[in-house]
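As a plain string of letters, each chain reads:
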Amino acid sequence: MLDTLYSQIGLLPMVLVGIFAFTKGDEPERLAMGAYLLGWIAGMLIQADGALHQNWQPGLFALDVIMLLVLGGLAWKFRRTWPIWAASLQLIIVMSHLVILFDMRGGIMSFYTILNLASYGILIAIGLGTFWAWQERRAAGLE
């Protein structure tokens, strides 16, 4: 699961944002971070390491669609702006899966670049949403 240096380094910002979201965030931030962490673990378990550079993986695609539905549901239910940004970045990830599926000659490395940058963007959106929720509670005198 953590067999590459990238997955070990990528775990650090995720853990830091996760701790911040679970300690200072409200319900939407905790739900999003919980789903993000579960999705990351599930992605590490279901990906076919030997096939990463060769073909489309339907399991990872399904996982990304589920994450899109979770973030879209959070954007629908809660009146916050960060779930809209996170869902839009997740939609870019889902669309990049379709580009690989239909062989649009984008290249597998461009797919990984999109996947990584959008994933860090989602972490930033969750982190900013947590910060805003925390500051709103502090300003209201609830914390």
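Residues numbered from 1 in each chain as written. Predicted model: local features only at pLDDT ≥ 70, side-chain atom pairs only at ≥ 80, totals over all residues. Heavy atoms only, no water.

Trainee: I'd like to hear about the overall build of the protein chain, residue by residue, with values.
Mentor: On a plain count of helices and strands, the protein chain comes out with 5 helices and 0 strands. Ordered by position from the N terminus, the helices and strands of the protein chain form the series α-α-α-α-α. Its C-alpha atoms give the protein chain a radius of gyration of 16 Å, within 12% of the compact-globule value 15 Å for 143 residues. Over its C-alpha atoms, taken along the principal directions, the protein chain stretches across nearly 55 × 30 × 20 Å. Considering only contacts within the protein chain whose residues lie at least 6 apart along the sequence, 65% involve residues at least 24 apart. Only carbon and sulfur atoms are counted for the fraction: they give 71% of the accessible area of the protein chain, which is about 8500 Å². Taken together, the 8 basic and 9 acidic charged side chains of the protein chain have centroids lying 10 Å from each other. (Helix = DSSP H or I, 4+ residues; strand = E, 2+ residues; numbered from the N terminus. Rg over C-alpha atoms; globule rule 2.2 N^0.38 Å. Contact = heavy atoms within 4.5 Å. Areas by Shrake-Rupley, 256 points an atom, 1.4 Å probe, with all protein chains shown as cover. Lys, Arg positive; Asp, Glu negative; His and termini not counted. Charge placed at Lys NZ, Arg CZ, Asp CG, Glu CD.)

Trainee: Before we move on, can you summarise the packing of aromatic side chains with the specific residues and values?
Mentor: Scanning all chains against the criterion turns up 3 aromatic pairs. Here F20 and W134 contribute two aromatic rings whose centre-to-centre distance is 6.0 Å and whose plane-to-plane angle is 85 degrees, an arrangement assigned as edge-to-face. Here the residue F20 occupies a position in helix 1 (residues 5–24), and W134 occupies one in helix 5 (residues 108–139), the gap between them amounting to 114 residues. Overall, the relative accessible area of 18% leaves W134 in the buried class. (Phe/Tyr/Trp six-rings, centres within 6.5 Å; stacked < 30°, edge-to-face > 60°. Buried < 20%, exposed > 50% of the residue type's maximum accessible area, 1.4 Å probe, protein only.)

Trainee: Could you give me a rundown of the side chain of E29, with the residues and numbers involved?
Mentor: Structurally, the position occupied by E29 is in helix 2 (residues 27–46). E29 gets classed as buried once you look at its relative accessible area, which sits at 0%. Setting aside anything within four residues of it in sequence, one finds E29 in contact with A21, R80, W82, I126, G129, T130 and A133.

Trainee: With reference to specific residues and values, describe the pattern of salt bridges.
Mentor: Per the stated rule, a full pass over the model turns up 3 salt bridges. We note a salt bridge from D26 to R80, for which the minimum N-O separation is 3.1 Å. With D26 in the loop between helix 1 and helix 2 and R80 in the loop between helix 3 (58–77) and helix 4 (82–101), the pair connects residues that are 54 residues apart, well separated along the chain. Under the relative-accessibility criterion, R80 is labelled partly exposed at 24%. Between R137 and D26 there is a salt bridge, with the nearest N and O atoms lying 2.5 Å from each other. In this pair, R137 sits in helix 5 while D26 sits in the loop between helix 1 and helix 2, placing the two residues 111 residues apart along the sequence. Here R137 matches D26 in class, with each residue buried. (Salt bridge = Lys/Arg side-chain N within 4 Å of Asp/Glu carboxyl O.)

So far we have only geometry, and geometry alone does not tell us how the molecule works.
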